[in-house]
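# Topology and contacts: notes
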Amino acid sequence: MRTSRTAKGVTACLAVIALAAGCSGSGGKDDEDGSGDGGGGGGGKGVDTPRLKIAMITHSGEGDTFWDIVRSGAKQAASKDNVEFLYANDKEAKGQAELVQSFVDKKVDGIVVTLAKPEAMRAVLAKAADADIPVITINSGGEFSERFGALSHIGQDESVAGEAVGTELNTRGKKKALCVIHEQGNVSHEQRCAGVKKTFDGTVENLNVEGTNAPAAQSSISAKLQATKGIDAVVTLGAPIAAYSVKAKDEAGSKAEVDTFDLNAEVVKQLKAKEVGFAVDQQPYLQGYQAVDLLWLYKTNANVLGGGKPVLTGPAVVTGKDVPKLEKYTARGTR
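The structure reproduced in this document is the subject of the present report. Here the structure is a predicted model, which means the values were calculated and not measured.

Let's shift gears to the side chain of D262. Inspection of the secondary structure puts D262 in the loop between strand 11 (257-261) and helix 9 (265-272). When its relative accessible area of 7% is taken as the criterion, D262 is described as buried. Here the side chain of D262 touches Q282 through a polar contact of 2.8 Å, side chain to side chain. Filtering out sequence-adjacent residues up to four positions away, D262 remains in contact with F66, R192, L237, G238, A239, V267, A279, V280 and Q282.

Printed below as a string of structure tokens:
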């Protein structure tokens, strides 16, 4: 596993030993049972601080298992910190903002939110600030976090992650890459593909697909591979899209290597089978865990991490040689 050492004005970093929690496979189903159960990890006695209520609202689409891993981390931290954890998601920016507003109205003690389409969230996060509800942003839109009043942002620098992919493609001798964007308008996706273009010595073409429609996405990728000669690398921006791309490649009779952002159990299997060349891990479990834990620290001890800069959880380039180390963690839904 190779961790990118590039940093664009980002000085904060963090390492945590975060154990266990199961993966539901729900792709972001609303979770308001308030159990705070990590699903199989940790256990033991929690803190004796006052009970808090923390809500997480993401831009997850249907079936995106990335968010199951984020939630596993959040639930584990909630279990430790005596927190009632609430979760909701909407792939549409307007719906996501409305969900944030609903939790502001419920007067939760803290909010965790993604900024995939940041301008849609500006007004509602101002309302959270007016209500004196602290906010942590995760995963996407890190450059907007501080200006929107968040305490910290937890995630990877998406441009740096894209640059790491471009560099790895050079190492592998690739010449023509297809960068598959599965959610149009998501600033993180645009930054990833732009990062690839910045460092890749070959050419990069973007392809927009409907990420929540597997057959349509697979068909679009297959058609592109058949229509455009010379593509020797397909770069996907999420683990589920990697699976579609492997099938699309076979369908098209293409010899292109499929590489992907993000890691899950299926990608690890694909790395082992050499169906995927490499993956870029941003450690989603840490994003969920640290977001809840940092809000608890802020509420109980006035701690803030990052000093206005993102707390980095990636990127790290993962290849087949890393599979033995990662298999047990991806199987339990924590990597």
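From this point, the narrative continues.
Bringing the packing of helix 2 (residues 93-105) against helix 3 (residues 122-130) into the picture now. One can describe the packing of helix 2 onto helix 3 by two numbers: an axis separation of 9 Å at closest approach and a directional angle of 10°. Classified by the angle between their axes, helix 2 and helix 3 sit roughly parallel to one another. Facing A97, V100, Q101 and V104 of helix 2, the residues of helix 3 in contact are V124, L125, K127 and A128. For the contact of helix 2 with helix 3, the class distribution of residues is six nonpolar, one polar and one charged.

What follows is about the pattern of salt bridges. Tallied over the full model, the rule gives 13 salt bridges. Between K80 and D293 there is a salt bridge, with the nearest N and O atoms lying 2.9 Å from each other. Here the residue K80 occupies a position in helix 1 (residues 66-81), and D293 occupies one in helix 10 (residues 284-301), the gap between them amounting to 213 residues. Residue E119 is joined to R122 by a salt bridge in which the shortest nitrogen-to-oxygen separation is 3.0 Å. Each of K80, D81 and D293 takes part in salt bridges that share partners, so that together they form one network.

Moving on, we get to unusual backbone geometry. Omega for the peptide link from G314 to P315 comes to 10°, which places this bond in the cis form. One can find P315 in the loop between strand 13 (311-312) and strand 14 (316-319). At N82, a position not held by glycine, the phi torsion is positive, near 60°. The residue N82 is located in the loop between helix 1 and strand 4 (83-89) in this model. In this structure, K274 is a non-glycine residue whose phi angle is positive, near 65°. Relative to the assigned elements, K274 resides in the loop between helix 9 and strand 12 (276-281).

Thresholds applied
- Residues numbered from 1 in each chain as written.
- Predicted model: local features only at pLDDT ≥ 70, side-chain atom pairs only at ≥ 80, totals over all residues.
- Heavy atoms only, no water.
- Helix = DSSP H or I, 4+ residues; strand = E, 2+ residues; numbered from the N terminus.
- Buried < 20%, exposed > 50% of the residue type's maximum accessible area, 1.4 Å probe, protein only.
- Polar contact = N/O pair within 3.5 Å; in protein donor to acceptor, adjacent residues only side chain to side chain.
- Contact = heavy atoms within 4.5 Å.
- Axes fitted to C-alpha atoms, helices over the stretch in contact; angles between N-to-C directions.
- Parallel < 35°, antiparallel > 145°, perpendicular 65-115°, else oblique.
- Nonpolar A, V, L, I, M, F, W, Y, C, P; charged D, E, K, R; others polar.
- Salt bridge = Lys/Arg side-chain N within 4 Å of Asp/Glu carboxyl O.

The values are spatial; any link to function lies outside them.
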